[in-house]
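# Structural overview for review
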Amino acid sequence: MPAVELAPPHEVHSLYSHHHGWLFGWLRKRLGCSDNAADLAHDTYMRVLVSGRTPPPDQSRAHLMQIAKGLVVDQHRRRVIEQAYLETLVHQPPGFAPSVEERALVLEALTRIDAALDALAPKVRETFLLSQFDGLTYSAIAGQLGIAVATVRKHMLKAATACFAVLGGDTH
Amino acid sequence: MKAAPSAADAAALEWQVTLWSGEVTPQEQDAFERWRTAKPEHERAWQRVQQMGQRLHAAPGGVASSVLRRGVGPDRVPTRRKVLGGLGLLAATGGLASLTMDTPPWRTALADLRTGPGERRHVSLPDGTRVALNSGTAADVHFDARERRLRLHAGELLVTTAHDTSRPFVVETREGRVRALGTRFSVRRTAEAAIAQVFEGAVEVTPDGLPAAVLRLSAGQQARFTAGHVDGPHAADPLSTAWERGLLVVQRWRLADVVAELSRHRGGVLRCDPAVADLVVSGVYPLDDTDGVLASLARVLPIHVQHTSRYWVTVGAR
């Protein structure tokens, strides 16, 4: 298990007492929901705590806002993926009925994959989807996208490396 | 964001990309086998990449394909692709399976299966059987012409057997034997007993010292056994295999049981105060981040997580 070095608690505490009200207000304005804003504000401080370090005092708010924005994007992504997943399930054959826990596992995996592929160029992303989820061979992908097989390989390596960073083994 | 992959991981990813092509040449297969068996760290890197592959395919291909393309118009996804897709995937999987079976040096490399606290692994055995090892597991592989046998010393295995009518597949513990009848099942050793659970097919459980007391378990059943005693069949818990995907899934568990389960997945001491032991917990939690799980439990339950040191943590009343 990787060792977790927590940020100094008194520094996190001071970051909390000086900026929590502001962060909560900022999130509430953005999300229009106090409960959700309170959760995300809490998660933001948890991230700071487990990140092992606190920002220099003059960058406190910029740092907190950057983390909070990331969390808002994650939450949005999760919702979009969940919606798309539920719609897709409707169109599956009648015998296909994943259980609640299977759905939760699938959603988690899909959300992570989506986040990993998000940063990639559209052709890289499409290459990876065609190979992994549509089962096309590299020649077939090259033909479909009008690129060389060598380029397909290059795209695949890029996408696989991005996925590995978020889905790779536990022995890191 | 995590750092760039290590050299071995990067090489394993390159091999994975080659094997995913659907057009692997025998020369490439040979070269891959040589690389994989050259060093133990190559094998470990390969297993990490396999784990990514499993998580990648948690959803059926058609579902993942359409969900991940949600932003793209439906006219850009020809339906023909789905039909072709199924065939392509089968072909690719077949290639990988045969590759594993044709690799004799494996046996020696796999003679000892081990995971440390908080570590989980997936391995393929020479016959194509897939085994997931939970945290803190130790097992030996004994394969011969008559029998495929795993000796489980500690921890937990989830086995998906490859079909082989000529050689039975057996998991052996000090408490007794679990014989697979074409199946997916798990065996776990605790301090007090061994537990066999069946998710597909069936197994026969024979407690040590009671060769006549054979208990047959079908899919959806489990039994707990010690040398000289077997208790079951009871209903199996399908959620109990979520660790294979790095998750702990609980429904209406006692907090003390959740804490005990989390402590399997981390080093050091993790204790639960009896005052809060009976609080009821449900949820899906990542096993890679047990500190994060404790923090999130503390948010919804009237508990306080006290870190005396990184290795001594107590869950008590707030």
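All values reported here derive from a predicted model rather than from experimental measurement.

## Notes on the overall build of chain B
Helix and strand content of chain B: eight helices and 18 strands. When each of the 318 residues of chain B is scored for burial, the buried share is 36%. Long-range contacts, defined as pairs at least 24 residues apart, comprise 43% of the intrachain contacts of chain B with a sequence gap of at least 6.

## Some details on the pairing of strand 18 (residues 312-317) of chain B
Regular strands have side chains that alternate between both faces of the sheet. Residues and elements named next belong to chain B. In terms of strand pairing, strand 15 (residues 269-272) meets strand 18 through four bridges, oriented parallel. The partner of C272 across the bridge, within strand 18, is V315. Relative to strand 18, strand 17 (residues 303-309) runs antiparallel, the two being bridged by six bridges. Within the sheet, the bridge partner assigned to H307 lies in strand 18 and is V313. Linkage of strand 17 to strand 18, two consecutive antiparallel strands, is achieved through a turn of two residues.

## Some details on helix 8 (residues 290-300) of chain B
Residues of helix 8 of chain B that are buried include every one of B:T290, B:D291, B:V293, B:L294 and B:L297, and no others. Seen along its axis, helix 8 of chain B keeps its buried residues to an arc of 160°; they face one direction. In helix 8 of chain B, the exposed positions that point more than 90 degrees away from the buried face belong to B:R299 and B:V300. Where helix 8 of chain B is buried, its residues touch helix 2 (34-51) of chain A together with helix 7 (255-263), strand 16 (280-286), strand 17 and strand 18 of chain B.

## Examining the sheet that holds strand 18 of chain B
All names here are of chain B. Here three strands make up an open sheet; going across it, the order is 15-18-17 and the pairing mixed. Either end of the sheet is taken by a strand with one partner, and the two such strands are strand 15 and strand 17. Averaged over all neighbouring strand pairs, the angle between strand axes comes to 15°, with direction disregarded. Taken strand by strand, helix 7 contacts strand 15 and strand 18, and its axis lies near 175° from that of strand 15. Strands strand 17 and strand 18 of the sheet are contacted by helix 8, whose axis makes an angle of about 145° with strand 17.

## Regarding the nonpolar core
In this structure, A:L110, A:C163, B:L247 and B:L248 are the most contacted members of the largest nonpolar core, which totals 59 residues. Of the residues forming this core, the biggest block, eight residues, is contributed by helix 7 (residues 149-167) of chain A. If we skip the residues at most four places from it in the chain, A:L110 touches A:I81, A:Y85, B:A59, B:A64, B:V67 and B:L68.

## A word on the packing of helix 6 (residues 138-145) of chain A against helix 7 of chain A
All names here are of chain A. At a closest axis distance of 8 Å, the pairing of helix 6 and helix 7 adopts a crossing angle of 105°. The orientation of helix 6 with respect to helix 7, classified from their angle, is roughly perpendicular. Contact residues: Y138, S139, I141 and A142 in helix 6; V149, V152 and R153 in helix 7.

## Description of the packing of helix 3 (residues 60-90) of chain A against helix 4 (residues 100-118) of chain A
All names here are of chain A. Contact geometry of helix 3 with helix 4 gives a least axis separation of 10 Å together with a crossing angle of 120°. Relative to helix 4, the element helix 3 is oriented oblique. For the pair helix 3 and helix 4, the crossing hand works out as right-handed. Residues R77, R78, I81, E82 and Y85 of helix 3 lie in contact with helix 4, whose contacting residues are V106, L107, L110, T111, D114 and A115. For the contact of helix 3 with helix 4, a count of residues per class yields six nonpolar, one polar and four charged.

Definitions and cut-offs
Residues numbered from 1 in each chain as written. Chains lettered and ligands numbered in written order. Predicted model: local features only at pLDDT ≥ 70, side-chain atom pairs only at ≥ 80, totals over all residues. Helix = DSSP H or I, 4+ residues; strand = E, 2+ residues; numbered from the N terminus. Buried ≥ 20, exposed ≤ 12 C-beta atoms within 10 Å, placed from the backbone. Contact = placed C-beta atoms within 7 Å. Pairing = 2+ DSSP bridges. Arc of directions from axis to C-beta. Axes fitted to C-alpha atoms, helices over the stretch in contact; angles between N-to-C directions. Core = buried A, V, L, I, M, F, W, Y, C linked by C-beta atoms within 7 Å. Parallel < 35°, antiparallel > 145°, perpendicular 65-115°, else oblique. Left-handed = near helix turned anticlockwise from the far one by under 90°. Nonpolar A, V, L, I, M, F, W, Y, C, P; charged D, E, K, R; others polar.

Keep in mind these numbers describe shape, not what the thing actually does.
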